[in-house]
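Listed here are the chains, written in short residue letters.
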Amino acid sequence: MNAAVATSVFAVFMVATVALGLLALRGRGKGGGLAEWSVGGRSLGPVFIWVLMAGEGYTSFSYLGAAGWGYNYGAPVLYVVAYMSCGYAIGYVVGPMLWAYARRHGLVGITDMVAHRFGRPWLGAVVAVLATVFLLPYIQLQITGMGVVLSVISYGAVSLNWAYFVAFAVTTGFVVVSGLRGSAWVSVLKDVLVIATLGFLAFSVPLHYFDGYGPFLDRLVTEKGEWLTLPGHGGGSGDGGGSGFGELWFISTTFLNSLTVVIFPTTVAGYLGARSADALRRNAMYLPAYNVLLFVPMLLGLAALFVVPGLTGAESNLALFKLVVDALPAWAVGLVGVAAALSSIVPMAVFMLVIGTMWGRSVLSLVPRFAERQKSAAQVVVVVAGSLALLLTYTAPNTLVRLSLISYEGMAQLLPMVLLALVWRRLTFRGAFSGLIVGVAVVCALVFTGNDPVGGVNAGLVALAANLAVALAVTLAGPRDADPRPDAEVLAHDPVGEEDESLDAAPAARSASDHRV
């Protein structure tokens, strides 16, 4: 009976999710072209942009990984709150700048920006392939996360294999049809449920298991003090220079991720969907408040240390749901499961959409037969990318899980080419490309040989330092790029005080070839 109730609640909300994706197209004909599908026609207001970009911070990690990290290590998991809050501050400047640059030149993603900045369409294709390698693991991890959630809330009645397929089918179905606008609409439903369920759990779990926060925190300080300081439980010596999650790791990871998140392709998709630069600035001010909710799964992970001790390996990621299933009635378990599932679906949809857009715009558009059918090509890529992640979830789950170790650190290597190049005209193609090759090689070598962190420092930051050193050395030692375009055509700036309409360089139906030089 419990399984029937919980899965029925889950099924109703999954149907509502697909319906919202279809409803998002109301009054928009056949859904418009690639810009309408991929960046919402650049017309999403502050509310939709806020909930869409908040979805970036609330994935299945919020319910599974954050609680699991809290359970296993304790304090080091706070890096998530730290880097996201710092990233929003950086995004206050970077978001409007990228938005204005893309709007002025009719661009729809970072691959477009790179191709336009350096005047080489094929470079956009290279970045698209590289970014796909670093994004695809996130799709697989969200499929896995949603599958685990569905299997747990069904009390084992739904197998993991079927749960994985449901995650893939629901997400692919609505993102192919409705694009970024559909993801924004579903984000509203997700946020309502996330706020409601995490708010409820923040009070109900300590009361149910410990008779309140006072007894719970007393036990935590007395019995689990190691979890409350860096480097956390089993994290190393605590001096920041060891092999664990010490102070240097915390600072370097927060710094690297806060820079990287502002140029992450999914974050940029949110930027470019905004109606105005002011919407992004307001968004950057309000989003840090949303991070308060992330403390709840972290805290519940610590509570699980006393209620369900002895969880090891991947099982520790179920710490929160083991508390929920034992403490709540089936209908409430179903609602928490829906919130967690939508926290997988929304970011997974944006990841799939961004991969499709990058390939449709920057890779397949180089083939003449696809040049005029970019949206259709992008939609096909979405299905292919999702299917590949689903297939590997079944057949070789460890392949993409291993790649996920370098996702953020690898994406960080695009920072000079995507961000530095847009504010410094002197950076040459040879310098940026050489630095990218060195940065990716260094981060892969360090991660896959087990040398992350390096002396307590995040390996991605070490690789980025090498990347920048090579980029600057090659740029300053080599010839200047022969690019006759003026600075206003090549560089980006924050459009403070500018009218949005003045940034429109061409009609919305601008062809794919317009961004090439």
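Here is a short report on the structure shown in this document.

Basis of the calculations
- Residues numbered from 1 in each chain as written.
- Predicted model: local features only at pLDDT ≥ 70, side-chain atom pairs only at ≥ 80, totals over all residues.
- Heavy atoms only, no water.
- Helix = DSSP H or I, 4+ residues; strand = E, 2+ residues; numbered from the N terminus.
- Buried < 20%, exposed > 50% of the residue type's maximum accessible area, 1.4 Å probe, protein only.
- Contact = heavy atoms within 4.5 Å.
- Core = buried A, V, L, I, M, F, W, Y, C linked by side-chain atoms within 4.5 Å.
- Patch = residues over 30% accessible without salt bridge, like charges linked within 9 Å, V, L, I, M, F, W, Y side chains within 5 Å.
- Areas by Shrake-Rupley, 256 points an atom, 1.4 Å probe, with all protein chains shown as cover.
- Salt bridge = Lys/Arg side-chain N within 4 Å of Asp/Glu carboxyl O.
- Phe/Tyr/Trp six-rings, centres within 6.5 Å; stacked < 30°, edge-to-face > 60°.
- Polar contact = N/O pair within 3.5 Å; in protein donor to acceptor, adjacent residues only side chain to side chain.
- Expected span 1.5 Å × (residues − 1).
- Bend = angle between axes of the 7 residues up to and from the residue.
- Axes fitted to C-alpha atoms, helices over the stretch in contact; angles between N-to-C directions.
- Parallel < 35°, antiparallel > 145°, perpendicular 65-115°, else oblique.
- Nonpolar A, V, L, I, M, F, W, Y, C, P; charged D, E, K, R; others polar.

### Section: the overall build of the protein
Broken down by element type, the protein carries 23 helices and zero strands. Out of the 517 residues belonging to the protein, those deemed buried represent 58%. Considering only residue pairs separated by 6 or more positions, the protein has 83% of its internal contacts joining residues 24 or more positions apart.

### Thoughts on the nonpolar core
Tyr63, Ile139, Ile143, Phe321 and Leu414 are the most contacted members of the largest nonpolar core, which totals 151 residues. Top contributing element to this core by residue count: helix H16 (residues 330-363), with 20 residues.

### Structural notes on a nonpolar patch on the surface
Together, Tyr92, Val93, Met285 and Tyr286 make up an exposed nonpolar region whose accessible area comes to about 410 Å². Among the secondary structure elements, those contributing two or more residues to the nonpolar patch are helix H6 (79-105) and helix H13 (277-290). For Tyr286, a relative accessible area of 48% gives the class partly exposed.

### Remarks on the pattern of salt bridges
One pass over the structure, following the stated rule, counts eight salt bridges. Arg281 is the salt-bridge partner of Asp278, the closest N and O atoms lying 2.6 Å from each other. Taken together, the residues Asp278 and Arg281, both in helix H13 and three residues apart, mark about one turn of the helix. Asp278 sits in the partly exposed class, given a relative accessible area of 42%. What makes Arg281 buried here is its relative accessible area of 9%. Because the salt bridges share partners, they merge into one network encompassing Asp278, Arg281 and Asp494.

### A closer look at the packing of aromatic side chains
Each pair of aromatic rings is reported with the distance of its centres and the angle of its planes. With the rule as written, the count across this model stands at 22 aromatic pairs. Where Trp122 meets Phe429, the ring centres are 5.6 Å apart and the plane angle is 85 degrees; that geometry is what we call edge-to-face. A residue pair is termed long-range when its members are at least 10 positions apart, and Trp122 in helix H8 (residues 121-153) and Phe429 in helix H21 (residues 429-448) qualify at 307 residues. Ring plane angle 55 degrees and centroid distance 4.6 Å describe the contact between Phe245 and Trp249, whose orientation is recorded as tilted. Like Phe245, the residue Trp249 is buried in the burial classification. One aromatic cluster is present, formed by Trp69, Tyr73, Tyr79, Tyr83, Tyr138, Phe245, Trp249, Phe264, Phe351 and Tyr408 through successive ring pairs.

### Description of the side chain of Thr197
Tracing the chain through its elements places Thr197 in helix H9 (residues 160-210). Judged by relative accessible area, which is 7%, Thr197 ranks as buried. Only 3.3 Å separates the side chain of Thr197 from the backbone oxygen of Val194, close enough to count as a polar contact.

### A closer look at H6
Here H6 contains 27 residues, and its C-alpha end-to-end distance of 36 Å stays within 8% of the 39 Å for a straight helix at 1.5 Å per residue. Of all the bends in H6, the largest measures some 50 degrees and sits at Gly91. Most of H6 is tucked away, with 21 of its 27 residues classed as buried.

### Re the environment of Ala284
Here Ala284 is to be found in helix H13. By relative accessible area, which is 9% here, Ala284 ends up buried. Among all residues touching Ala284, those that are not within four sequence positions of it are Tyr88, Gly91 and Tyr92.

### Quick look at the packing of helix H10 (residues 213-223) against helix H14 (residues 295-307)
Running from amino to carboxyl end, H10 crosses H14 at an angle of 75 degrees, the nearest separation of the two axes being 11 Å. If you check the angle between H10 and H14, you find them roughly perpendicular. Contacts between H10 and H14 pair Tyr213, Phe216, Arg219, Leu220 and Glu223 from the former with Leu299, Leu302, Ala303 and Phe306 from the latter. Partitioned by chemical class, the residues of the contact of H10 with H14 number seven nonpolar, no polar and two charged.

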